[in-house]
Each structure stands twice: as C-alpha cells, then as structure tokens.
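Examining the three-dimensional arrangement
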Amino acid sequence: MGTTPETAHPVIVVGVDGSPSSRAALRWAQRQARLEDASVEAVAAWDYPPMSGWGLSIPGPEIEEAARLALADTVKQEQDDTRPPVRQRTEYGHPADVLLKAARGALLLVVGTRGLGGFTGTLLGSVSRHCVEHAPCPVVVVRSAGT
C-alpha cells in the first residue's frame, strides 16, 4: 500500500483549500515526501453554492476554474524544492468525499485542522474529523501556527 494505480511510487495526498492550516499541511506533506521518497498530490474540492438549486444560474465551469486557479496559486506560493513538483487535482464534490476518494492507495492523507468554513474555536473542522474517522490510509492533521 502507499502507491496509486497510476504509479508504483508512493503518494502523499494533501487537502488544500487555501486556509492557513491547509497551507501548513501542504508544507508538512512536502517535507514528509522527501523523507519517504514519495510524491505529493494536492487536492482541492469544489461544489456549487448551497442556493444553486433554487433556480439560480451558477456557472459550473467558472467555479471549477476558480478552484483550479486558487489551488495552483497556493501550491506555487508553498512549493519547496520537492522533486517531482506537487501534482494538483481539483474535483467536484464535498471536500471530505473528494479527499477520501483521492486517498485510496495513498501512503498518507494530510489535512489541516480547520478549513475556510465552519465554526471557529473547534479543535477539528468537519472535513478533518471525517477524514480521520473514515480514511483508507493513515491521516496526519496539521495545525497552522495561528491555531
């Protein structure tokens, strides 16, 4: 275990939403990948806004493109000298579901303690907690300096 079907090389999957703790998780994943001789795959999920089902026209391609650009920008800002570079993937769906799917066959799943949504002051965000409870591989939860 610890490899993805696309490659026999071990992969560390990290959830990235641009929050301080996801940025810290990405940096941690890159350091760990060097130790494990693994690659890093940064994954971002996108979904339609909650009111999109009420007859509002929400353009899906623009939302997906915004998520892809935000992920690329975060990876560019946090990229270290890891070789090969961090792979990037954006997928439609709830973040916990997307991350659990991406973690199948991974060496590790790395998430931040808190994402951009939810309630401040809780120890774990709902996505982090769900990943810890249901991941098909070991999970590392990384706190940012401010949490």
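Let us look at the structure shown here. (Residues numbered from 1 in each chain as written. Predicted model: local features only at pLDDT ≥ 70, side-chain atom pairs only at ≥ 80, totals over all residues. Heavy atoms only, no water.)

Across its full length, the protein carries four helices and six strands. Moving toward the C terminus, one meets the helices and strands of the protein in the order β-β-α-β-α-β-α-β-α-β. Evaluated residue by residue, the protein yields a buried proportion of 40% over its 147 residues. (Helix = DSSP H or I, 4+ residues; strand = E, 2+ residues; numbered from the N terminus. Buried < 20%, exposed > 50% of the residue type's maximum accessible area, 1.4 Å probe, protein only.)

Before going further, it helps to examine the nonpolar core. The biggest cluster of nonpolar side chains holds 18 residues, and the ones touching the most others in it are Ile12, Val14, Leu26, Val40, Ala42 and Val110. Those elements that provide at least two residues to this core are β2 (7-15), α1 (20-36), β3 (39-46), α2 (60-78) and β5 (108-112). For this core, the leading source of residues is α1, giving five residues. Setting aside chain neighbours within four positions, we find isoleucine 12 in contact with Ala29, Gln32, Ala33, Ala38, Ser39, Val40, Glu41, Leu107, Leu108 and Val110. Membership of the second largest hydrophobic core comes to 13 residues, among which are Val13, Val98, Val111 and Cys137. (Core = buried A, V, L, I, M, F, W, Y, C linked by side-chain atoms within 4.5 Å. Contact = heavy atoms within 4.5 Å.)

This next bit is on the pattern of salt bridges. Under the counting rule described, the total for this entry stands at eight salt bridges. Arginine 89 is the partner of glutamate 91 in a salt bridge, and the nearest nitrogen-oxygen pair spans 2.6 Å. We classify arginine 89 as partly exposed; its relative accessible area is 23%. Given the relative accessible area of 17%, glutamate 91 is considered buried. (Salt bridge = Lys/Arg side-chain N within 4 Å of Asp/Glu carboxyl O.)

Functional significance is not addressed by these values, which are geometric in nature.
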